[in-house]
Number of protein chains: 2
Amino acid sequence: MNHLVIGVDFGTDSVRALVVDANTGEELACDTAVYRRWAEGRYCDPGKNQFRHHPLDYIEGLEASIKGALSKLPPEAIQHVVGIGVDTTGSTPVAVDREGRPLALRREFAENPNAMFILWKDHTAVREAGEINQVVRSWGGTDFTRYEGGVYSSEWFWAKILHVLRHDPAVRSEAFSWVELCDWIPALLTGTEHPSIIKRSRCAAEHKAMWHEEWGGLPPEEFLIRIDPLLAGLRERLYIDTYTSDVKAGGLTREWAERLGLRENTPVAVGAFDAHMGAVGGGIIPGILVKIMGTSTCDIMVARKDVIKDKLIAGICGQVDGSVIPGMIGLEAGQSAFGDVYAWFRDVIYRPLETILMSTSRIDGNTAKTLCQEIKDLIIPSLTEEAVKIYETDTCLLALDWLNGRRTPYADQRLKGAIMGLTLGTTAPIIFKALVEATAFGARAINERFIEEGIKIEQVIALGGIAAKNDFVMQVTADILNMPIKVAASEQACALGAAMFGAVVAGLYETVEKAQQKMGCSYSKVFMPDPANAEKYDSLYKKYVETGKSVEDMLRNL
Amino acid sequence: MNHLVIGVDFGTDSVRALVVDANTGEELACDTAVYRRWAEGRYCDPGKNQFRHHPLDYIEGLEASIKGALSKLPPEAIQHVVGIGVDTTGSTPVAVDREGRPLALRREFAENPNAMFILWKDHTAVREAGEINQVVRSWGGTDFTRYEGGVYSSEWFWAKILHVLRHDPAVRSEAFSWVELCDWIPALLTGTEHPSIIKRSRCAAEHKAMWHEEWGGLPPEEFLIRIDPLLAGLRERLYIDTYTSDVKAGGLTREWAERLGLRENTPVAVGAFDAHMGAVGGGIIPGILVKIMGTSTCDIMVARKDVIKDKLIAGICGQVDGSVIPGMIGLEAGQSAFGDVYAWFRDVIYRPLETILMSTSRIDGNTAKTLCQEIKDLIIPSLTEEAVKIYETDTCLLALDWLNGRRTPYADQRLKGAIMGLTLGTTAPIIFKALVEATAFGARAINERFIEEGIKIEQVIALGGIAAKNDFVMQVTADILNMPIKVAASEQACALGAAMFGAVVAGLYETVEKAQQKMGCSYSKVFMPDPANAEKYDSLYKKYVETGKSVEDMLRNL
């Protein structure tokens, strides 16, 4: 039997463990565990955009998913597992005590959401992010956000820490340090949680914590105190060094080895964020943009250091040495709404019907309920089917895709969406088509940003739900990008990427590029741009850009 | 018993006859007759925007509606009928023979749509209208469209005539002259159809046929030939003089008197267009704008000649001496989509659902059909109910109402609509509210045009379906106009206005203003602007204007 490696991918709702043949990349078994407390809606307050994960959800999910996947293999397979890699959402930090234990694992904090992981999409720290940005602007010295896209987000490390420190004195007094989820899982598995030895992910630190070699790590104490004196002293209890995922975090502890039925000391790689490992799993190399297409998109590229040199790519989300492939510069961009734009339009159509259907006397309540669900599920497929019929029709409709603000190029959360060119003949499928085009134009704007900076893109590899499910969206995107798009065959590209790093720390491959070459995934589909459509869209894209520019200010101020 | 008068209102789908007490204005009886052939969809081709009415539909409907209304009164009432007034849609011309008979009434033309009335909304003559406008621009002499808003429409007299002359040699050879519906009905009733004696409506001639005293009536032969030599000779077979509706077209013929059971020689007034007579019925006087609010709006004002003098109000649809109230200048403006904008949004929501519901196996076909109809009918009321709840909420959404182009101010059919400021939180009711605001902003833009030209507006009187049915739309419109809006109590303001002219030609009143004073309708509701909302909307209106200006060019060129 070949060597096996495990990739573990911690998502928003669940965690997946994937067992992979380390020689061939064959995906042998996969299992998913839903976070139990999260599924019950505990510790969250969507009205306040508060989203927290209890550490026990992670611990239980980790065990269940790995054991679940292994149980699908012959018993002897377990002996062949030689390495583990981990990717997670982020920035998802947690307050830990002197031993590096998340506070919520202590009885007195067991029910305190502020003692839990603050999920990436938690927006409770909007105010703190604003204050951080103000200090960044008025500081006069180094711009510590320059490698993070130039704007600090409420979704990130320092803003979340400050928010909790301000609002929860109990957590404040017990929080010795703070740890990202992608650092904590490998530390947990390898018994390296103690703040003095835990290995921190370069990907997380440099994208979210303003860490950079250029200024010797985290921002200086003086800067942090300028943001808020509450941050005083924290810097030295955090970290100086950061690590790429080809580095071993440690070996599996006896306890976890027993729990999982694996061998003690099995090497575990330093963690990283899901999209970055997904890019590796999807087959990223210089010249390829990997696009993780779901509710939003995360767009990843890598560039050789001798190409990028000291250049700072303006208007993207982040530029981090080794965040994706160690030794190369990882570049991150993204659209803040992609599939969410279609879901938004579905709901515009669906909600009024739900109101009416749930109160009609013509059908009984249960039928109404199932009918509602059926309608809701069918709206996007049905609109897609109609839109396919008008694929080549010029509909005179132009939409701007900034319904959730704009992330790349040049992040601006104040921007909003628009639909322009409506006539009495504009139907729902025509609007849907325009929204699909708008999201694809948004994708093109990202590509253009890279290209303008001299970063060549020859091809796009797509991962994620939209790539797997909606061929129409993918074809229009290929036409508008005027570039082939390959869809990764693996539905678990993130876990696959994590497994590749597991193979590297197991010593099977010298570099993750070599692991990619042997374990690289295949592609289920290739969307080739239609030349006629690509040409037509080329001029429509210019209109999108011009129109966007001319109404930007107005949209900001609405 | 008091004197009675009858107002007959020829609409798009049906004709209404209203019997009114000429002393008090009390509406005693009303009856509606649907056009039978039209209801069957005959002679029309919606795909080509071809809409024709068979003259027999009018004749049969005229008889049925008047007899229907009279039958609801005591038999002796008939003896008290002393006058008849008529209003119709327009421009709705027909080709007539040497005797003034619509060609479709002759056996050989009985089934030829080109020998029938070409309904106002027929757009088959788009090309001819374009050519007319080109000649108007390149002509060098008088601009014959200057009192008609400066742009000749495919909905109008000459364009329609030219289109038929070009495409139907049989009609071309037999068409001696052409007659508007509002001229033909009074002529039919009074036996004055012969082209040499038929009295032509000033309202129709000056709004639609480029007739004006300034250049001695219709445009000169030379101009018409420049448009197309096919028009040669027609001018002298048309008319020189035109008449206002306080003039008698003639007395009821014996034949029609017998058919209707009325007295021979009962005076019949010269006809006019529906909106203009509706304005009279609604209570128009200088300083009041009467707004007929349906799928689109028609906005009518009157101005004293000593106020308006030689001034030409730019950017409106028409300015005609006596078109509304004889002796005053009638001013016409309008929005090319009003209720149609809401119906459009309803269909955006409804159509996808219909597709899904009609193919689900969860309910049977008949239930699906009735459910569809129920949902379709409930969407606007349901959106309205939800919009009322957010009446005072600032939703950051701004729409432009030009989904059917813009009629006033400054007609431009190439303009299109837009919805700007969308976020993932934008719901259907929020969009609906923005569309209501947009149509009200469109209304305000018309008011501003009048006011800028020195035509004061102190109050708005509203007629039509929207005014009667949707209080939310009316309140928002009152807020945005910052002006009280009275809703006419009469659902038959057009027919009531026609009846007032019937009373004038019967000799009961010296002028129609005096008829208005005695017979004037009451108001069912008054919408007072909410001061806080009016102020808020005042600044949003400025955004509407600015945004509109900045995207106009872009919308034109989409």
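On a predicted model such as this, the values are computed, not experimentally measured, just so you know.

K.L.:
I keep staring at the overall build of chain A and nothing clicks. Help me out?
P.N.:
Regarding its fold elements, chain A presents 19 helices and 20 strands. The C-alpha atoms of chain A give 24 Å as radius of gyration, which agrees with the globular expectation for 558 residues (24 Å, within 12%). Along the three orthogonal principal directions, the C-alpha set of chain A runs to about 65 × 60 × 60 Å. Within chain A, the fraction of its 558 residues that count as buried is 64%.

K.L.:
What should I look at first to understand the domain arrangement of chain A in this one?
P.N.:
When the parts come together, some accessible area is lost, and that loss is often what is quoted as the size of the interface. Residue and element names in this part refer to chain A. Parsing chain A into structural domains produces domain 1 (4-287 + 491-521) and domain 2 (339-490 + 524-556). When each unit is reduced to the centre of its C-alpha atoms, the spacing between domain 1 and domain 2 is 32 Å. Of the roughly 700 Å² buried at the junction of domain 1 and domain 2 (both faces included), carbon and sulfur atoms supply 58%. On the surface where domain 1 and domain 2 come into contact, there are 0 salt bridges. Summed over the shared surface of domain 1 and domain 2, the number is 6 residue pairs in polar contact (both at pLDDT 80 or more).

K.L.:
For this particular structure, what's the right way to read the relation of the copies chain A and chain B?
P.N.:
Between chain A and chain B, which share one sequence, the superposing operator has a rotation angle of 180° and an axial displacement of 0.0 Å; the RMSD is 0.0 Å. On the angle and the small slide along the axis, the relation comes out as a two-fold axis. Rotation axis and chain A: the residue whose C-alpha lies nearest the axis is Ile-349 of chain A, separated from it by 2.3 Å. Looking at the interface residues of chain A, 100% of them are also at the interface in chain B, so both copies use one shared face.

K.L.:
Is there a simple way to think about unusual backbone geometry in this case?
P.N.:
Only a minority of non-glycine residues have a phi that is not negative, and only a minority of peptide bonds are not trans. All names here are of chain A. Cis geometry is found at the peptide bond from Gly-90 to Ser-91, where omega equals 0°. When you line up the elements, Ser-91 lands in the loop between strand E5 (81-88) and strand E6 (93-96). With phi around 60°, Met-210 is a residue other than glycine that occupies positive phi space. A positive phi angle is found at Lys-309, which is not glycine, with a value near 50°. Along the chain, Lys-309 falls in the loop between helix H11 (305-308) and strand E14 (318-321).

K.L.:
Explanation requested: the pattern of salt bridges in the structure shown.
P.N.:
Two side chains carrying opposite charge are able to pair once their charged atoms lie near each other. Residue and element names in this part refer to chain A. Applying the stated criterion across every chain yields a total of 85 salt bridges over all chains. Between Glu-453 and Arg-449 there is a salt bridge, and its shortest N-O distance comes to 2.9 Å. Judged on exposure class, the residue Glu-453 and its partner Arg-449 are both buried. Linked by salt bridges that have partners in common, Arg-406, Asp-412, Arg-414, Glu-552, Asp-553 and Arg-556 make up one network.

K.L.:
Would you explain the sheet that holds strand E13 (residues 297-304) of chain B in this entry?
P.N.:
Within a beta sheet, neighbouring strands are joined by backbone hydrogen bonds and run either parallel or antiparallel to one another. Residue and element names in this part refer to chain B. In space, the 7 strands of this open sheet follow the order E14-E15-E13-E12-E18-E19-E20, with mixed pairing throughout. The strands lining the two open edges of the sheet, one partner per strand, are strand E14 (318-321) and strand E20 (523-527). Averaged over all adjacent pairs, the angle separating strand axes in this sheet is 25°, with direction ignored. Sheet analysis places strand E12 (residues 288-293) next to E13, joined by 4 bridges and oriented antiparallel. Among the inter-strand pairings, Lys-291 is bridged to a residue of E13, identified as Asp-299. Its contacts with the sheet put helix H14 (residues 428-452) on E12, E13, strand E15 (328-335) and strand E18 (459-463), and the angle it makes with E15 is roughly 150°.

Cut-offs applied
Residues numbered from 1 in each chain as written. Chains lettered and ligands numbered in written order. Predicted model: local features only at pLDDT ≥ 70, side-chain atom pairs only at ≥ 80, totals over all residues. Heavy atoms only, no water. Helix = DSSP H or I, 4+ residues; strand = E, 2+ residues; numbered from the N terminus. Rg over C-alpha atoms; globule rule 2.2 N^0.38 Å. Buried < 20%, exposed > 50% of the residue type's maximum accessible area, 1.4 Å probe, protein only. Domains from an automatic or database assignment. Buried area = accessible area lost by both parts, 1.4 Å probe. Salt bridge = Lys/Arg side-chain N within 4 Å of Asp/Glu carboxyl O. Polar contact = N/O pair within 3.5 Å; in protein donor to acceptor, adjacent residues only side chain to side chain. Least-squares fit on C-alpha atoms with pLDDT ≥ 70 in both. Contact = heavy atoms within 4.5 Å. Pairing = 2+ DSSP bridges. Axes fitted to C-alpha atoms, helices over the stretch in contact; angles between N-to-C directions.

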